[in-house]
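# Notes for the structure review
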Amino acid sequence: MTNLLVNMRDQQFLLFEQLGIEKLFAKEKYKDFSKDDVLMLLNEAEKMAVNVILPTNVIGDREGCTFKDGKVTVPAVFHDAYQKFVEAGWLCPTRSVDVGGQGMPLLMSNACSELFVAANYPFTMYPGLTNGAAALIENFGTEEQKNKYMVKMYAGQWGGTMCLTEPGAGSDVGALKTTAKRLPDGTFSITGTKCFISSGDHDLTENIIHPVLARIEGDAPGTAGISIFIVPKYRVNDDGTLAGSNDVQTGNIEHKMGIHGNATCTLNFGDNGSCIGELLGKECEGLKVMFQLMNEARIEVGYQALGTASACLERSVQYAKERIQSAPVWEMKNPDAKAVSIIQHPDVRRDLLWMKSRVEAMRAILYYSSYCLDLAESTESKPEHEKWKGMAELLIPVCKAWVSDNAMIVCSKAMDVHGGYGFCAEYPVEQYLRDCKITTIYEGTNGIQSLDLVGRKLGSKKGANVMNLVGEIMATIGKAKASASMKAYAAALEEACNAIIDLTMTFGQLGKSGGFLLPILNASPFMDAFGDLVAGNILMQAALIAEEKLTGIYEAKSADTIGKQRALVHDNPDVAFYAGKVSSAKFFANEALTTVKARCEAIKFGDKSTLEIADESFAS
Ligand SMILES: Cc1cc2nc3c(=O)[nH]c(=O)nc-3n(C[C@H](O)[C@H](O)[C@H](O)COP(=O)(O)OP(=O)(O)OC[C@H]3O[C@@H](n4cnc5c(N)ncnc54)[C@H](O)[C@@H]3O)c2cc1C
């Protein structure tokens, strides 16, 4: 039975059949985990998602957060859900047991978290940001700071945020104006305004700890002079008790298109000159510290996008099976033909398969990237560490941008499948679409992610990460060419791969002679094409595994004709699932991979109209 959130069969396929999470359990770091643990945890996560978090989703959206008399209140139903979520140990499962976590691989934790975000991701942002902020203190803080702040944050007693953005410093973090003035006791007086701070203020926890980017007076302009500070909402005494206000005032909360349940705040630090911050890590290394949180956060945003898209797909399939409308097209000349469920109409099927293939690709890319980080963290070998870390770093902008761009289209198509009803609030896809949109914007807009891909990630380690990825794709192509049914689709993957290699080399050559214009102008279309290649590869890997499984089942069931095999689809859930994986890969290869070469050629063509058009010519 579907939980209407996430296809858990697909999760298990990825974890056990495609990636082989058990390989992690052979490593010293994860030796205490087993396949049974994964299954048990997914089961628990599903119960938490369906019974505790999902019931808060619509109420959270409709009630939203309120700001009155300087205080922010979250939807009332969030309180009980938050307590249950924290008590069940879901706030920081990947952190070590010593600090209150469970030492779980990221892949395992993220698979569970996919269920939570699909149920209500604005809610999950409260514990999610707390976990990330506490990890900064764990990794860069002094023992004193860890005892003072981190312990209570990992326990869910205090909240956490991530304070970068200012009115004049969004994409350009280096333009920030928040200042830190040295005080005689070694602490700093913080002054400035941060805007759009998620979970910035709320009544879920008794204190909130803000990691704040600011410039110490006299330090260099730009990103080089940025430091990071621990700034509590309420000051903390040495014995851990609260010592009153720290002059952090909430200016307002935003009234947004979506994620109404999460308080997006303007925070004013030091309006009265008495906001105290403690330096976290070294002076002028603020961005380096924050980047640790941002890499995790970018993958998390990908999961948020996946969660909304996944729930939209599940809902749309259910709706398309139930909604009766129009006779089938092959009966158009029969006035007595009966209307059928809309899933019978080819155009609806096309939308559904478009959505299914994208959602599966998003899930696979995100799981694979999480897995790469686990492999990097659990190996003793330096070259292995570098290889997996490099692969994850190459894919992180794809996890954020390609995934969220595609998730938005999935949510939009979900609305199309629902027709007019989808546009109305009584069906959940309308809220999912609204909630999904911010994932293309925050944590670095998708435009900025694309620039990161072409400007830093492609050339990183002299292209070694890209070459590792290409090696993987070549291996898939080799296997697919040996399969009678996948051969034609392998050709599309090969053509797409060659086109991306060629364009990447062109960018590299141009870069050597200072010719950055082409890559910068085309960073976003490159991200689309590159993401499609990564997606096409990972879907084809899945299809090859699925084909093998199907062959085994057909042999065991003596299904030696197409007719008998088709019949099995209706009786055997495994056959239906594996056949669906093959369909996803074929559809995606035909629909997306076949266009990659043309898109790369279009980029190489070098059209500069985007630059040539005068500002005055864009609009009246
Ligand atoms: C709901 C919500 C929650 C948020 N949560 C947080 C949070 O918790 N913490 C936090 O610090 N921030 C948060 N943000 C801020 C968010 O990260 C920024 O909005 C985002 O980084 C973009 O900055 P901006 O809004 O100033 O847009 P701008 O930087 O003004 O960008 C506008 C457009 O210009 C483009 N652009 C800008 N510079 C360049 C460039 N150099 N090259 C090419 N294109 C460029 C962008 O891609 C974008 O399309 C949140 C925002 C929202 C709306």
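Keep in mind the model is a prediction, meaning the values are calculated, not measured.

Before going further, it helps to spend a moment on the overall build of the protein. A count of helical and extended segments in the protein gives 20 helices and twelve strands. In terms of overall dimensions, the protein is globule-like: its C-alpha atoms have a radius of gyration of 25 Å, near the 25 Å expected for 620 residues. Based on the C-alpha atoms only, the size of the protein along its principal axes is roughly 85 × 65 × 60 Å. Taking all 620 residues of the protein together, 54% fall into the buried category. Long-range pairs, those at least 24 residues apart, make up 74% of the contacts in the protein between residues at least 6 apart in sequence. Separation of charge centres in the protein, based on 61 positive and 75 negative side chains, amounts to 4 Å.

Residue placement: Thr161 occurs in the loop between β3 (158-160) and β4 (179-182). Residue Thr161 is classed as buried on the basis of its relative accessible area of 0%. Side-chain polar atoms of Thr161 contact the side chain of His210, separated by 2.9 Å. Beyond its immediate chain neighbours, meaning those up to four positions away, Thr161 contacts Leu129, Ala133, Ile197, Ser198, Ser199, Gly200, Ile208, Ile209, His210 and Pro211.

Next up on the list: the site of the ligand. Taken together, 19 residues lie near the ligand, and Met162, Thr165, Ser171, Phe196 and Thr445 sit nearest. In the model, a nitrogen atom of the ligand is placed 2.8 Å from a nitrogen or oxygen of the Phe196 main chain. Take Thr445: an N or O atom from its side chain is 2.6 Å from an oxygen atom of the ligand. For the ligand, whose unbound accessible area comes to 970 Å², protein coverage reaches 61%. Of all elements in the fold, only β5 (188-198) and α12 (446-457) reach the threshold of two or more residues within the shell around the ligand. The dominant element in the shell around the ligand, judged by the number of residues it contributes, is β5, at three residues. A per-class count over the shell around the ligand returns eleven nonpolar, six polar and two charged.

For the rest of this paragraph, the subject is the pairing of strand β9 (residues 242-245). Across two bridges, the pairing between strand β8 (residues 234-236) and β9 is antiparallel. In the sheet register, Val236 faces β9, and the bridge partner there is Leu242.

Of the positions making up helix α7 (residues 143-154), those classed as buried are Gln145, Lys146, Lys148, Tyr149, Met150, Met153 and Tyr154. Looking at the buried side of α7, the elements it contacts are α6 (106-140), β3, β6 (207-216), β7 (226-232), β8 and β12 (276-279). Phi turns positive one or two residues past the end of α7, at Gly156, with a value near 80 degrees.

Of all hydrophobic cores here, the largest spans 199 residues; its most connected members are Trp402, Phe526 and Phe530. No other element matches α6, which puts 19 residues into this core. Other than its neighbours up to four places away in sequence, Trp402 contacts Ala361, Met362, Ile365, Pro397, Met527, Asp528, Gly531, Asp532, Ala535 and Phe588.

Contact pair helix α1 (residues 8-18) / α6: the axes reach a minimum separation of 11 Å and the direction vectors enclose 170 degrees. Relative to α6, the element α1 is oriented roughly antiparallel. Judged by residue contacts, Met8, Gln11 and Leu15 of α1 engage Leu107, Ala111, Glu114 and Leu115 from α6. Looking at side-chain class alone, the contact of α1 with α6 contains five nonpolar, one polar and one charged residues.

This part is about the packing of aromatic side chains. In total, this model carries 15 aromatic pairs according to the counting rule given. Consider the rings of Tyr421 and Tyr427, whose centres lie 6.1 Å apart with planes at 65 degrees: the pair is edge-to-face. Residue classification places Tyr421 among the partly exposed residues on the basis of a relative accessible area of 40%. One aromatic cluster is present, formed by Phe78, Phe85, Trp90, Phe116, Phe123 and Tyr126 through successive ring pairs. The ring of Phe577 carries the charged tip of Arg9 above its face, separated from the ring centre by 4.5 Å. Of note, Arg358 hangs over the ring of Trp354, and the distance from its end group to the ring centre comes to 3.9 Å.

Before going further, it helps to examine helix α9 (residues 346-378). With 33 residues, α9 should cover 48 Å at 1.5 Å per step; its first-to-last C-alpha distance of 47 Å lies within 8% of that length. Along α9, 25 of the 33 residues are buried, which leaves the element largely enclosed by surrounding structure.

Counted under the stated rule, the structure contains 31 salt bridges. Where Glu166 meets Lys194, a salt bridge forms, and the shortest distance between an N and an O atom there is 2.9 Å. Placement of the pair is Glu166 in the loop between β3 and β4 and Lys194 in strand β5, with a sequence separation of 28 residues. For Glu166, a relative accessible area of 6% gives the class buried. For Asp452, the salt bridge identified is with Arg456, shortest N-O distance 2.7 Å.

Quick look at the packing of helix α10 (residues 382-418) against helix α13 (residues 464-481) now. For the pair α10 and α13, interaxial distance at closest approach is 9 Å and the crossing angle is 90 degrees. Here α10 is positioned roughly perpendicular relative to α13, judged by the angle of their axes. Taken together, the residues of α13 that come into contact with α10 (itself represented by Lys387, Trp388, Gly390, Met391 and Leu394) are Asn465, Val466, Asn468, Leu469 and Glu472. For the contact of α10 with α13, the class distribution of residues is five nonpolar, three polar and two charged.

Bringing the domain arrangement of the protein into the picture now. We note that the domain assignment places domain 1 (8-153), domain 2 (158-285) and domain 3 (464-607) within the protein. Each of domain 2 and domain 3 has a C-alpha centre, and the two are 44 Å apart.

Turning to the state of the cysteines, a few remarks are in order. A full pass over the atoms with the stated rule returns zero disulfides. You can see Cys163 has no disulfide; the closest cysteine sulfur is in Cys265, sitting 9.4 Å from it. Overall, the relative accessible area of 0% leaves Cys163 in the buried class. In this structure Cys265 is a free cysteine whose sulfur lies 7.7 Å from that of Cys65, the closest cysteine sulfur available.

The rules behind each value
- Residues numbered from 1 in each chain as written.
- Predicted model: local features only at pLDDT ≥ 70, side-chain atom pairs only at ≥ 80, totals over all residues.
- Heavy atoms only, no water.
- Helix = DSSP H or I, 4+ residues; strand = E, 2+ residues; numbered from the N terminus.
- Rg over C-alpha atoms; globule rule 2.2 N^0.38 Å.
- Buried < 20%, exposed > 50% of the residue type's maximum accessible area, 1.4 Å probe, protein only.
- Contact = heavy atoms within 4.5 Å.
- Lys, Arg positive; Asp, Glu negative; His and termini not counted.
- Charge placed at Lys NZ, Arg CZ, Asp CG, Glu CD.
- Polar contact = N/O pair within 3.5 Å; in protein donor to acceptor, adjacent residues only side chain to side chain.
- Near = heavy atom within 4 Å.
- Areas by Shrake-Rupley, 256 points an atom, 1.4 Å probe, with all protein chains shown as cover.
- Nonpolar A, V, L, I, M, F, W, Y, C, P; charged D, E, K, R; others polar.
- Pairing = 2+ DSSP bridges.
- Core = buried A, V, L, I, M, F, W, Y, C linked by side-chain atoms within 4.5 Å.
- Axes fitted to C-alpha atoms, helices over the stretch in contact; angles between N-to-C directions.
- Parallel < 35°, antiparallel > 145°, perpendicular 65-115°, else oblique.
- Phe/Tyr/Trp six-rings, centres within 6.5 Å; stacked < 30°, edge-to-face > 60°.
- Lys NZ or Arg CZ within 6 Å of the ring centre and 35° of its normal.
- Expected span 1.5 Å × (residues − 1).
- Salt bridge = Lys/Arg side-chain N within 4 Å of Asp/Glu carboxyl O.
- Domains from an automatic or database assignment.
- Disulfide = S-S within 2.5 Å.

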